[in-house]
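# An overview of the molecular structure
In case you want the letters, here they are:
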Amino acid sequence: MFAEILELLPELLRGTLMTVELTLCAAVVAITAALIAAVSKMYGPRPLRWLAIAYIEVFRGTSALVQLFWLFFVLPYFGVTLEPFAVGVVALGLNIGAYGAEVIRGSILSIDKGQWEAATALNLGRMQTLRRIILPQAFVAMIPPWGNLFIELLKGTALVSMITLGDLAFKAQQLNQNTLRTLQIFSLVLIIYLCLSLLITVLMRTLEHRVARGLLRGRAG
Amino acid sequence: MQLEWDWNYTLDILPVLGQASLLTLKATLLGFALAATLGLVFALLRMSRLAPVRWSATSLVEFIRSTPLLIQIFFLYYVMPEFGLTLDAMTAGILALGLHYACYCAEVYRAGLDNIPKGQWEAAIALNLSPYITFRDIIIPQAIPPLVPALGNYLVALFKETPLLSAIAVLELMQTAKILASESFQYTEPITLVGLYFLFFSLIAAALTRQLEAWLNTRHGGAR
Amino acid sequence: MTQHDDPMLRFDKVSKRYGQHTVLDRLDFEVARNEKVAIIGPSGSGKTTLLRLLMTLESVDAGVIYVEGEPLTHMPQGERLIPASRQHLSRVRAKIGMVFQHFNLFPHMSALDNCTEAPRTVLGLSKAEASARATELLQMVGLGDKLEHYPGQLSGGQKQRVAIARALAMRPRIMLFDEVTSALDPELVGEVLKVIRQLGEEHDLTMLMVTHEMGFAREFADRVCFFDGGKMAEQGTPQEIFGAPRQERTRQFLSAVLETRS
C-alpha cells in the first residue's frame, strides 16, 4: 500500500504544484477584478457602473465551466488565443472576482455612515476617504468571506483539467487510466485538496487575527 | 474561421440543446432535493448530544466542503464500483451534487437553528413538550422560512455546477453542446447558448429570491 | 472677494424636506463673526439638520446658504446660481469644522493620526508639520499623553476631545458642535465643555452648537435660538430666553427640560 502511494505521489505532486500556481495567479486576478468592479459599481460614472454590473451578473449568473470553455473555445474566433494556463487564470479569476466584488461592496456598505461624514467634514475627497478611511476598516470584515472564496477558487481549479491543463485533477484522471489504482488515487487527491483548503483557512485566520489586533484597540471609535 | 453568429446553425441546434436542458433540470431538482434533506440531517447530527456523532458530522461536512465537486463526482463514479456499488453516470452525478450541496445547506440550517432564541426552547420545556415535538412544531416552522432565500441561492449554485457532470459524459447541456461543437467545428453558438441559458435562469432565480426575501421580511420581520 | 461686513453665515429662506416631512421651513438666520450661538429645541425640530446642511452632509431643497457672503452649495454663473462644483464645495468646506454626537473617530488610527490625516492629505502638510500641529492641539485639549492611543482605548470624553482637536487641525473659521455631550456618561460631560469654553475664549471662532446642556448654553452663548417644527420659534440673549421667554412653546420646552435635568 505504501509503495503504491509512493509510486503515485511524484506525479500527483507535480499536479499539485500546477494547482497551487493556478490558485495564486487567479487569486491576484480575482482581487484586482473585484476591487475595480466594486468601486466602479458604487462610485463610477454611469457607463462604468453598468459595465461593472454586467460583469458581476454575467460571471455570477453563468457556470464557471461554461466561462472556462467560452474563453478556451470561443475567444480564438475573435482572434484572441490564450495559453490554456492563461485561460484558466483569467476564467477562474474573473469568476471569483465577480463574487468578490459583492463581498467588497457589502463590507464597504457595512462601515458606519458617520465615518463618511467625519471625512467630509474634514474635507477629504471621495477617493481619499475610500482609500484611507473606509477600505482599511472594511478590510477586516472582508477577510473571512474572501477565505471562503479562495477555497472555492482552489476547488474551481479542478475544472481546468477539462481544458487539458495538467493540474491535480488532470493527473488524477491520467493516473487512473494508466494504473487503475482508482481508490488510492482519488483518496490521495481528496486529501491533498483538503490539506490545501486547510492551509488557506489557517493563513486567512492568521491574517484576520493580525489585522484585527491592530484594529481591535480602536473597535469602539 | 467564422467570426459572426450563424443563425441557421443556432436554429438547428436549439431543439437538441432544449432536450439536453431537460436532463440538466432533472439533475438540478433531484440533486437539490437530496441536498435539502440530507443537509437538515447533517445539521441535526451536528447538534447531537453524543460528541462522536457531532464530531463525525462536522468533519464530514468540512471535508466535503473543502474538496472539489469534480473529484467527488469521479470518486463516486470510478471508486464506488470497487466496493461493489456500480452507479450509472447520471445517478453518480446527482448523488455527488446532492452530497456536496447538502454540506452547504447544513450550514444554512445550523445558522437558522442557532437564530431561534433560547426562550423558545425553554418555553417548550416548560410546556413539557418532547424534544421531537419541540423540533417538529416549534423550532423547524420558525427556523425554515427565513432560510428559504439562502437555500434558494444554493439551488442556483447547484444548478450552475451541473455542467461538471459532462466530465463523466452525462448528456446534459454542456456535454451536448461540446459534442455538437466538435461535430460542426462551430463552438461559438453552442457554448454561448449554454451560457445564456444559465444566465437566464440565474437572473430569474435572483429576482425571485429578492421578492421572497421582501415577502418574508414583511411576514416574519417583527415576529420575534 | 469676501467683504468684511458680510455676516459669517446667512441662511436665506432655506428649506429641507425628507419625503413629505419638512424639517426646515424657509429659514432665515444670520450669525456674526466670532459669535457663539446655542441652538436648542425638541428632537425633530430641525436643529441638527441646520448643522448638517452647513457641513454639506445634506443638500438644501430650496434657498441658499452664504458663508462670508459666498454661496455654500451654489456658485454664481453670470446672473444665476448653479449647483456648486466639487472644487467650490471643497473650498467653502475648508472654512467649517464639525464635531459629531457619536465622535466618528477613525478607529484604525491613533489619536495623533486622526488629527494628521486630513491636514496631510487635504492641506498637503508635511508629516512633521502635521504632527507638530496635532500634538499642540491634543495638548491643548489635555490629551498630550494619549497621542498614540487608539479610539478604542479612550473614554467617551477623551474621544470627543480628540474629535475637537481633529476638527481644529484643519484651521476652520466656523466650528459646528452637534450634541457633542449627548452620548457621554454624565461625569465626562464637564471635561468636554471645558475644552469648548476654552476654545471660545482663546480663539477667533464662530461657533454653532446644538445642545441639551442648558446651563452651558446660558453661560457660554452670545445668543440662544429655540427651534420648533422646522422654524426658529424664538431667539435672544441667554438672559432673555432662559429668564423671560416670550413664546409659550419655549416656556413649555424649558420647563420640561429643566424638570428632567434637575
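Numbering of residues starts from 1 in every chain and runs along the sequence as written. Just so you know, chain letters begin at A and ligand numbers begin at 1, following the order they were written in. Per-residue local features of the predicted model are confined to residues with pLDDT of at least 70, and side-chain atom pairs are confined, for both listing and counting, to 80 or more; whole-chain, interface and lining totals are unaffected and use all residues. Water and hydrogen atoms play no part in the side-chain values, which are based on all heavy atoms of the structure.

## Some words on the overall build of chain A
Test applied: The helix count covers DSSP runs of H or I at least four residues long, the strand count covers runs of E at least two residues long, and both are numbered beginning at the N terminus. Between buried and exposed lies partly exposed: a residue is buried under 20% and exposed over 50% of the maximum accessible area for its type, with that area taken using a 1.4 Å probe on protein chains only. Note on definitions: a residue-residue contact is assigned when non-hydrogen atoms from the two residues lie within 4.5 Å. Here, Shrake-Rupley sampling with a 1.4 Å probe gives the accessible areas, and only protein chains in the shown set may cover a residue.
A count of helices and strands for chain A gives eight helices and zero strands. Ordered by position in the sequence, the α and β elements of chain A form the string α-α-α-α-α-α-α-α. Dimensions of chain A, computed from C-alpha atoms along their principal axes, come out at roughly 70 × 45 × 20 Å. Relative to its full complement of 221 residues, chain A shows a buried share of 52%. In chain A, once contacts between residues fewer than 6 apart in sequence are set aside, the share between residues at least 24 apart is 76%. When the accessible area of chain A is evaluated, it comes to approximately 10000 Å², of which 68% is carbon and sulfur surface.

## What about the sheet that holds strand β10 (residues 206-210) of chain C?
Residue and element names in this part refer to chain C. Selection rule: Only when DSSP finds a minimum of two bridges between them are two strands counted as paired. Helix axes use the C-alpha atoms of the stretch in contact, all axes being lines fitted to C-alpha atoms, and the angles between their N-to-C directions lie in the range 0 to 180 degrees.
Spatial ordering of the open sheet is given by β8-β9-β10-β3-β11-β12, a layout of six strands whose pairing is mixed. Two strands close off the open sheet at either side, each with one partner strand: β8 (96-99) and β12 (231-236). Sheet twist, expressed as the average angle between the axes of neighbouring strands with direction ignored, equals 20 degrees. The pairing of strand β3 (residues 36-40) with strand β11 (residues 223-228) spans four bridges and is parallel. Across the sheet, residue isoleucine 40 finds its bridge partner in β11, namely phenylalanine 226. Packed on one face of the sheet, helix α6 (residues 186-202) meets β3, β9 (174-178) and β10 and runs near 155 degrees to β10.

## Some points on the packing of aromatic side chains
Note the cut-off: Two rings from Phe, Tyr or Trp (for Trp, the six-membered ring) form a pair when their centres sit within 6.5 Å of each other. Planes less than 30 degrees apart are called stacked, planes more than 60 degrees apart edge-to-face, and all others tilted. A ring is scored as having a charge over it whenever the NZ atom of a lysine or the CZ atom of an arginine sits within 6 Å of its centre and within 35 degrees of its normal.
Here the structure, examined in full by the defined rule, presents 26 aromatic pairs over all chains. Plain terms: the ring middles of tryptophan 146 of chain A and phenylalanine 150 of chain A are 5.5 Å apart, the flat faces sit at 40 degrees to each other, and that makes the pair tilted. You can see tryptophan 146 of chain A and its partner phenylalanine 150 of chain A sitting in helix α6 (residues 126-156), four residues apart, about one turn around the helix. Classification of phenylalanine 150 of chain A by relative accessible area gives buried; the value is 14%. A centroid spacing of 5.5 Å and a plane angle of 85 degrees characterise the contact between tyrosine 197 of chain B and phenylalanine 198 of chain B, whose relative ring orientation is edge-to-face. Among the residues examined, tyrosine 197 of chain B registers a relative accessible area of 16% and is labelled buried. Here a set of aromatic residues connected by ring pairs shows up, and it is made of Phe159, Tyr197, Phe198, Phe200 and Phe201 of chain B. We note arginine 166 of chain C situated over the ring of phenylalanine 106 of chain C; from NZ or CZ to the ring centre the distance is 4.6 Å.

## Here we look at the pattern of salt bridges
For clarity, the threshold we go by: Whenever a carboxyl oxygen of Asp or Glu lies within 4 Å of a side-chain nitrogen of Lys or Arg, that contact is scored as a salt bridge.
Within this structure, the stated rule accounts for 28 salt bridges over all chains. Its salt-bridge partner being glutamate 11 of chain A, residue lysine 171 of chain A comes within 3.1 Å of it at the nearest N-O pair. Highlighted residues: lysine 171 of chain A in helix α7 (residues 168-179) and glutamate 11 of chain A in helix α1 (residues 2-43), separated in sequence by 160 residues. A residue is classified by how much of its surface remains accessible, and lysine 171 of chain A, at 14% relative accessible area, is buried. Of the residues examined, glutamate 11 of chain A reaches a relative accessible area of 22% and is grouped as partly exposed. Where arginine 110 of chain B meets glutamate 107 of chain B, a salt bridge forms, and the shortest distance between an N and an O atom there is 3.5 Å. With a gap of three residues between them, arginine 110 of chain B and glutamate 107 of chain B both fall in helix α4 (residues 89-114), about one helical turn apart. Linked through salt bridges whose partners overlap, the residues forming this network are Arg33, Glu68, Glu70, Arg91, Lys95 and Arg173 of chain C.

## Some words on a positive patch on the surface
Formally: Exposure above 30% relative accessible area and no salt bridge define the residues that can form patches, which grow by joining like charges within 9 Å and nonpolar side chains of Val, Leu, Ile, Met, Phe, Trp and Tyr within 5 Å. Charge counting treats Lys and Arg as positive and Asp and Glu as negative, with His and both chain ends excluded. In plain terms, the charge of a residue is placed at NZ if it is Lys, CZ if Arg, CG if Asp and CD if Glu.
A cluster of like positive charges, contributed by Arg46, Arg49 and Arg126 of chain A together with Arg86 of chain C, occupies part of the molecular surface. Counting through the fold element by element, arginine 86 of chain C comes out in helix α2 (residues 86-93).

## Things to note about the pairing of strand β7 (residues 80-83) of chain C
All names here are of chain C. Across four bridges, the pairing between strand β6 (residues 74-77) and β7 is antiparallel. Paired with proline 76 across the two strands is leucine 81, which belongs to β7. The loop that links β6 with its antiparallel partner β7 comprises two residues; one of these, glycine 78, has a positive phi angle of about 65 degrees.

## Observations concerning the interface of chain A and chain C
What counts is decided by this rule: Throughout, the accessible surface (probe 1.4 Å) given up by two parts as they are put together, summed over both, is called the buried area. Two N or O atoms form a polar contact when they lie within 3.5 Å of each other; inside protein one atom must be a possible hydrogen donor and the other a possible acceptor, and for residues adjacent in sequence the pair counts only when both atoms belong to side chains.
Taken together, the 25 residues of chain A in the interface contact 31 residues of chain C. With both chains or domains summed, chain A and chain C bury close to 2300 Å², and 58% of this area falls on carbon and sulfur atoms. Along the contact surface separating chain A from chain C lie two salt bridges. Between glutamate 117 of chain C and arginine 132 of chain A there is a salt bridge, with its nearest N and O atoms 2.6 Å apart. There are seven residue pairs in polar contact (both at pLDDT 80 or more) connecting chain A and chain C. For the side of chain A that touches chain C, the secondary structure elements donating two or more residues are α5 (113-121), α6 and α8 (182-216) of chain A. Per-element accounting of the side of chain A that touches chain C gives the leading share, eight residues, to α5 of chain A.

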